[in-house]
Amino acid sequence: MLCSCGASPAPQFFNSERHEVTLEGIDFVVFRKGDRAEVVRLGYLGKRARDPVPRLMEEAIERTTGCRARPGSKVTGLPGDTGEARFDLDCPE
């Protein structure tokens with residue numbers, strides 16, 4: 001079970017839908033607002049354990065919103081950061 005604490009959205013995602021999911025033992029919070037999503041990884045991961053996180057962030061979006069992350073749209077606060085990322089969404093119509 002995920003803790004509902006510890007993850008707040010960036011200001012542009014205030015008043016967004018909030019979803020929580022655990023994938024491969026890693027907890028994520030997904031904030032969706034319109035055709036954009038922000039994914040926040042919860043908890044500490046050592047450097048080696050971070051390798052699957054970018055892929056899992058995209059999977060978290062698809063599982064929680066029903067949309068896919070648009071290829072090439074990923075933006076993070078720091079290059080290589082696996083703690084949070086923002087994506088444009090491709091949603092079925």
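The following paragraphs examine the structure supplied in this document. (Residues numbered from 1 in each chain as written. Predicted model: local features only at pLDDT ≥ 70, side-chain atom pairs only at ≥ 80, totals over all residues. Heavy atoms only, no water.)

**Some details on the overall build of the protein**
Working step 1: Counting its secondary structure elements, the protein contains one helix and five strands.
Working step 2: Ordered by position from the N terminus, the helices and strands of the protein form the series β-β-β-α-β-β.
Working step 3: The C-alpha radius of gyration of the protein comes to 12 Å, within 12% of the 12 Å expected for a compact globule of 93 residues.
Working step 4: In terms of overall dimensions, the protein has C-alpha extents of about 40 × 30 × 25 Å along its principal axes.
Working step 5: Put simply, of all contacts in the protein between residues at least 6 apart along the chain, 49% involve residues at least 24 apart.
Working step 6: A distance of 5 Å separates the average location of the 14 positive side-chain charges in the protein from that of its 15 negative side-chain charges. (Helix = DSSP H or I, 4+ residues; strand = E, 2+ residues; numbered from the N terminus. Rg over C-alpha atoms; globule rule 2.2 N^0.38 Å. Contact = heavy atoms within 4.5 Å. Lys, Arg positive; Asp, Glu negative; His and termini not counted. Charge placed at Lys NZ, Arg CZ, Asp CG, Glu CD.)

**Remarks on the side chain of Glu 84**
Working step 1: On the secondary structure map, Glu 84 appears in strand β5 (residues 84-90).
Working step 2: Judged by its relative accessible area of 15%, Glu 84 is buried.
Working step 3: A polar atom in the side chain of Glu 84 sits 2.8 Å from the backbone nitrogen of Gly 77. (Buried < 20%, exposed > 50% of the residue type's maximum accessible area, 1.4 Å probe, protein only. Polar contact = N/O pair within 3.5 Å; in protein donor to acceptor, adjacent residues only side chain to side chain.)

**Things to note about the side chain of Ser 73**
Working step 1: Of note, Ser 73 is situated in the loop between β4 (68-69) and β5.
Working step 2: Classification of Ser 73 as buried rests on a relative accessible area of 9%.
Working step 3: Among the polar contacts listed, one links the side chain of Ser 73 to the backbone oxygen of Arg 70, at a separation of 2.7 Å.

**Observations regarding the environment of Glu 38**
Working step 1: With respect to the secondary-structure elements, Glu 38 resides in strand β3 (residues 36-41).
Working step 2: For Glu 38, a relative accessible area of 3% translates into the label buried.
Working step 3: Apart from residues no more than four positions distant in its own chain, Glu 38 is found in contact with Pro 9, Ala 10, Phe 13, Val 29, Val 30, Phe 31, Glu 84, Ala 85 and Arg 86.
Working step 4: Of the polar contacts made by the side chain of Glu 38, one reaches the side chain of Arg 86; its length is 3.3 Å.

**Considerations on the state of the cysteines**
Working step 1: Applying the stated criterion across every chain yields a total of one disulfide.
Working step 2: Across a sulfur-sulfur distance of 2.1 Å, Cys 67 and Cys 91 are joined as a disulfide pair. Taking the sign of the S-S torsion, 105° for the link of Cys 67 and Cys 91, the bridge is right-handed. One end of the pair, Cys 67, is in the loop between α1 (53-65) and β4; the other, Cys 91, is in the segment after β5, and 24 residues separate them in sequence. (Disulfide = S-S within 2.5 Å.)

**What to know about the pairing of strand β1 (residues 17-23)**
Working step 1: Sheet topology places β1 next to strand β2 (residues 26-33); seven bridges connect them, and they run antiparallel. Across the sheet, residue Arg 18 finds its bridge partner in β2, namely Phe 31.
Working step 2: The hairpin formed by β1 and β2 contains two residues between the paired strands, and Glu 24 there has a positive phi angle of roughly 50°. (Pairing = 2+ DSSP bridges.)

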